[in-house]
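Close look at the chain arrangement
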Amino acid sequence: MIEMLLPERMRPVRLASPEHLGKPLLEHFAQARRRMGRAAWLSSPIGLLALLPSIFTLEVFDRVIFRQGFSTLVALLAGVAVALIVEWTLRRRRSANLREAGALIDWGLSSTLLDKMLGQPLRTLEDRPAASWVALFRDVGAVRTLLTGPVVQSLFDLPLAVFAIVIVGLVALPVLPVVLGMVCVFAAMAWWFADEVKQGKVAELQQARSLDMFTAEMCRARESVKALAQHESVAAQWKTGYEQWLAESFSRGSEMEETKELTHSLLIASSIVITATGAVAVANQWMSIGGLIAANMLAIKAISPIATLSGAWRQLAQSIEAARRLDKVFAQPSETGSAGVSLPRPKGAMTLDEVSFRYDEQSEPVFKKVSLTLAPAQFYSVVGKNGVGKSTLLKLVTGLYRPDEGRVLIDEYDLQQFSRHETASWIATLSQNVYFLDGTIADQLRRAAPEITDEQIVKACKLTGVHSFISRLPQGYATVMREGGRTLSAGVRRKIALAQVLLRNPAVLVLDEPTNDLDHMSELQLIASLRLIAKMRTVIVVTHSAELVASSDVALAVSGDGDVQVMTPVQALGAYFSPPKAEKKPVQAAPSPLEPSLGVVGPDLGLATAVPGELH
Ligand SMILES: Nc1ncnc2c1ncn2[C@@H]1O[C@H](COP(=O)(O)OP(=O)(O)OP(=O)(O)O)[C@@H](O)[C@H]1O
């Protein structure tokens with residue numbers, strides 16, 4: 001659609017044929033096409049009616065003033081009044097059609113983008129920063145503006161330009177060459193200023209997007225920025241970006257101002273040249289004085305749509321860029337749809353069959369042909385040093401990541417065949433980073449399972465040990481959580497998130513470091529609850545807590561060389577939680593050769609007194 005709006009010669013420059021745009025984008029344009037078509041059709045009568053004031057002026061000069069035809073004046077006034085009412089009605093209908101087309105595009109693209117975003121595999125979602133997804137939603141607005149903005153208005157007014165030129169030919173033939181000449185000058189100018197469309201990008205807009213993204217990241221990290229006193233470095237980075245954007249925007253802004261001023265001066269010059277030419281023609285009686293005045297008015301109507309294009313290219317270029325970005329996202333594959341038949345609730349056995357996984361081509365594989373079988377209704381702890389792949393293993397088990405090779409099965413079913421919704425109803429996950437959308441505590445819990453009763457909510461919260469805390473809040477379960485739940489402590493947030501997971505009543509419960517942020521008593525209470533749950537469900541827990549490992553039935557040790565070993569909890573405790581036997585002396589804080597250059601002259605960090613085992 002956007003390509004179709006472009007001048008023919010520009011299409012091959014950067015934008016390929018209309019097939020270049022993805023199907024979903026074209027489908028949304030197709031939905032709006034009927035309304036756009038109606039608006040285009042209405043433009044013809046509107047264009048014709050808009051010429052009436054010029055014809056009225058011509059008649060007033062030629063018939064009323066020179067021939068004293070006052071009855072003609074009354075008839076003309078009545079005719080023009082009717083025409084103005086009709087034109088006003090048609091204009092309103094055209095605007096309504098354009099508005100509806102814009103709304104259709106907006107709604108269609110926004111909801112497709114949302115579905116697309118939520119339907120992307122986690123790895124694809126992770127590849128793009130959160131702020132970049134927000135920017136994509138703004139792109140929808142840029143595409144919509146194209147349909148209701150000056151570009152389309154100018155295109156719709158082009159028939160008016162043709163009608164105006166024809167009438168100039170009829171009533172003021174001697175000035176027609178001048179009008180045609182001016183139209184050509186403005187068309188050449190519009191072509192000249194279309195550089196951004198020709199280049200296919202708006203540099204300033206790209207800088208504004210990067211700046212927006214950095215600002216969003218900075219706002220999200222405000223606590224760390226404060227805590228680490230990073231104000232100066234962050235501000236310096238932001239100011240550099242802002243200055244670059246400002247410089248580009250300033251230079252583009254002055255170009256646009258120049259275009260505007262030049263257009264204004266050229267319009268005045270056109271009027272003067274037409275008047276001068278017309279004066280000679282009137283003096284030689286080649287045309288009437290009414291014809292001269294009407295020609296002046298008509299020339300402006302013929303030139304205006306083309307002159308507007310000079311300033312509107314920028315918006316067109318922005319819309320094209322936005323459409324391209326949306327197109328790219330729409331073309332990405334979504335996760336699998338439903339398996340087609342609803343299968344009975346699984347027992348909860350999990351199998352990894354020769355699973356290999358790496359984050360990208362350049363990085364080392366996190367897992368190499370790992371095979372594991374986890375029996376239902378067992379309590380598994382996953383242990384290992386930082387960064388060896390414990391969380392990655394959980395994401396593979398829950399189907400959030402797909403293995404590069406091999407299969408992950410729940411009972412005898414390959415997870416790949418199921419939709420995210422189906423998988424999540426059987427395998428509930430508590431990730432390491434807990435985040436809540438805005439809403440009350442009760443809303444958060446109902447979001448996990450909409451059909452649950454208040455009784456079940458209270459029961460789940462009692463199991464995770466957060467019920468008594470919530471009950472003491474002035475608003476209780478109606479307490480509003482904002483900004484991911486920042487107003488509640490990290491431990492309370494984790495317990496609420498745990499309650500959410502329990503409410504899903506899954507066959508497999510997968511928890512990534514659930515005891516993080518919990519006080520010791522809460523940790524013991526959680527472990528007791530998990531032991532109880534593991535009597536009927538498979539529980540898999542990544543943990544650095546020795547108590548939790550000791551309470552599990554089996555430990556899975558992620559070694560960091562692409563393998564996972566099955567151990568008894570006692571073996572895992574020996575391997576990962578006891579102080580290394582070789583190190584008998586306490587760790588000495590050795591003077592670092594780097595310290596002088598870093599200027600670290602602060603106090604002893606206390607490493608000398610740390611128990612070696614704690615550093616694991
Ligand atoms: N989204 C990602 N993109 C690229 N690499 C990643 C991503 N997430 C994790 N990794 C890398 O994969 C490896 C395993 O990470 P993972 O988070 O699974 O470790 P972990 O054992 O859970 O660590 P921790 O105990 O610190 O939570 C690390 O080297 C990490 O840098």
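This one's a predicted model, so the numbers in the text were calculated from it and none came from an experiment.

Things to note about the overall build of the protein
For the protein, the helix and strand inventory stands at 24 helices and 12 strands. Taken across its 616 residues, the protein has 43% of its residues classed as buried. Accessible surface, the protein as shown: approximately 32200 Å² in total, 61% of it carbon and sulfur.

Notes on the site of the ligand
The local shell around the ligand holds 14 residues, among which Gly387, Gly389, Lys390, Ser391 and Thr392 are the closest. A distance of 2.7 Å separates an oxygen atom of the ligand from a polar side-chain atom of Lys390. For the ligand, an oxygen atom lies 3.5 Å from a polar atom in the side chain of Glu513. Breaking the shell around the ligand down by element, the ones donating at least two residues are helix 5 (122–127) and helix 15 (390–397). With 3 residues, helix 15 is the single largest residue contributor to the shell around the ligand.

Some details on the packing of aromatic side chains
Inspection of every chain in the model, using the stated rule, returns 6 aromatic pairs. Their ring planes at 90° and their centres at 5.6 Å tell us that Tyr359 and Tyr401 sit as a pair that is edge-to-face. Taken together, the positions of Tyr359 in the loop between strand 1 (350–357) and strand 2 (367–374) and Tyr401 in the loop between helix 15 and strand 4 (405–410) put the pair 42 residues apart, joining distant regions of the chain. What makes Tyr359 partly exposed here is its relative accessible area of 29%. Note on Tyr401: relative accessible area 2%, which makes it buried. Site record: aromatic cluster; members linked through ring pairs are Phe357, Tyr359 and Tyr401.

Details of the environment of Met536
Among the secondary structure elements, Met536 is positioned in the loop between helix 21 (520–533) and strand 10 (538–542). Remark: the alpha-carbon pair of Met536 and Pro376, spanning 160 residues in sequence, is separated by 8.0 Å.

With respect to unusual backbone geometry
Residue Glu354 is not a glycine yet carries a positive backbone phi of 55°. Its location among the elements puts Glu354 in strand 1. With relative accessibility at 39%, the residue Glu354 sits in the partly exposed group. At Asn505, a residue that is not glycine, the phi angle is positive and equals roughly 50°. By secondary structure assignment, the location of Asn505 is in the loop between helix 20 (490–503) and strand 9 (508–512).

Brief notes about the sheet that holds strand 2
Taken in spatial order, the 4 strands line up as 2-1-4-5 in an open sheet, and their pairing is antiparallel. Among the strands making up the open sheet, the edge pair consists of strand 2 and strand 5 (413–414). As paired elements, strand 4 and strand 5 share 2 bridges and run antiparallel to each other. The partner of Leu409 across the bridge, within strand 5, is Asp414.

Thoughts on the packing of helix 8 (residues 158–171) against helix 9 (residues 176–192)
Contact geometry of helix 8 with helix 9 gives a least axis separation of 9 Å together with a crossing angle of 160°. Compared by their axis directions, helix 8 and helix 9 come out roughly antiparallel. Contact residues: Ile165, Val168 and Gly169 in helix 8; Leu176, Val179, Leu180 and Val183 in helix 9.

With respect to the nonpolar core
Of all hydrophobic cores here, the largest spans 38 residues; its most connected members are Ile441, Leu445, Ile496, Leu509 and Leu530. When contributions to this core are tallied by element, the ones reaching two or more residues are strand 6 (427–430), helix 17 (441–448), helix 18 (454–464), helix 20, strand 9, helix 21 and strand 10. For this core, the element with the highest residue contribution is helix 20, accounting for 8 residues. Leave out the neighbours within four places in its chain, and Leu530 touches Phe379, Leu509, Leu511, Val539 and Val541. Counting residues in each nonpolar core, the second largest holds 33 residues, with Val366, Phe367, Val370 and Val388 among its members.

A short note on helix 18
Those residues of helix 18 that sit buried are Ile457, Ala460, Cys461 and Thr464. Seen along its axis, helix 18 keeps its buried residues to an arc of 95°; they face one direction. Projecting away from the buried face of helix 18 at angles above 90 degrees are the exposed residues Glu455 and Lys459. Looking at the buried residues of helix 18, the elements they touch are helix 17, helix 19 (467–472), helix 20 and helix 21. The positive-phi residue at the C-terminal boundary of helix 18 is Gly465, with phi of around 80°.

So, the pattern of salt bridges
Enumeration over the complete set of coordinates arrives at 14 salt bridges. When the shortest N-O distance is used, the salt bridge between Glu321 and Arg325 registers 3.6 Å. Here Arg325 and Glu321 lie together in helix 14 (residues 289–331), a separation of 4 residues that amounts to about one turn. By relative accessible area, Glu321 is classed as buried at 5%. When salt bridges with common partners are traced through the structure, they connect Arg123, Glu126 and Asp127 into a single cluster.

What about the confidence of the model for the protein?
Averaged over all residues, the pLDDT of the protein is 81; the fraction at 70 or higher stands at 87%. The low-confidence segment residues 1–20 (pLDDT under 50) makes 44 contacts with residues lying over four places distant or belonging to another chain. Segment residues 586–616 is flagged for pLDDT under 50; beyond a separation of four residues in sequence, or across chains, it makes 15 contacts in the model.

Quick notes on the rules
Residue positions are counted from 1 within each chain, in the order its sequence is given. Note on the predicted model: pLDDT of at least 70 is required for a residue's local features to be given, and 80 or more for side-chain atom pairs to be given and counted; whole-chain, interface and lining totals, by contrast, use all residues. Values shown for side chains rest on all heavy atoms present in the structure; no hydrogens or waters enter the calculation. Under the scheme used here, helices are H or I runs from DSSP no shorter than 4 residues and strands are E runs no shorter than 2 residues, and both carry numbers assigned from the N terminus. The buried label applies to any residue whose accessible area, calculated with a 1.4 Å probe on protein chains only, is under 20% of its type's maximum; exposed applies above 50%, and partly exposed to all values in between. Surface accessibility follows the Shrake-Rupley procedure with a 1.4 Å probe radius. Residue values consider only the protein chains on display as shielding. Working definition: residue near molecule or strand if any one of its non-hydrogen atoms lies within 4 Å of it. The definition of a polar contact used here is a pair of N or O atoms within 3.5 Å, where within protein one atom must be able to donate a hydrogen and the other to accept one, and adjacent residues in sequence count solely through side-chain atom pairs. Think of it this way: a Phe, Tyr or Trp ring, Trp meaning its six-membered ring, pairs with another when their centres are within 6.5 Å, and the plane angle makes it stacked under 30 degrees, edge-to-face over 60, tilted otherwise. Pairing between two strands requires that DSSP report at least two bridges joining them. Fitting a line to C-alpha atoms yields each axis, with helices limited to the stretch in contact; the angle taken between N-to-C directions then spans 0 to 180 degrees. Roughly parallel here means an angle under 35 degrees, roughly antiparallel means over 145, roughly perpendicular means 65 to 115, and every remaining angle is called oblique. A contact between two residues is defined here by any heavy atoms of the two lying within 4.5 Å. To form a nonpolar core, buried Ala, Val, Leu, Ile, Met, Phe, Trp, Tyr and Cys residues must be joined to one another through side-chain atoms within 4.5 Å. Directions are taken from the helix axis to each C-beta atom, and the arc is the one they span. Whenever Lys or Arg places a side-chain nitrogen within 4 Å of a carboxyl oxygen from Asp or Glu, that contact is recorded as a salt bridge. pLDDT is a per-residue confidence score from the predictor, ranging from 0 to 100.

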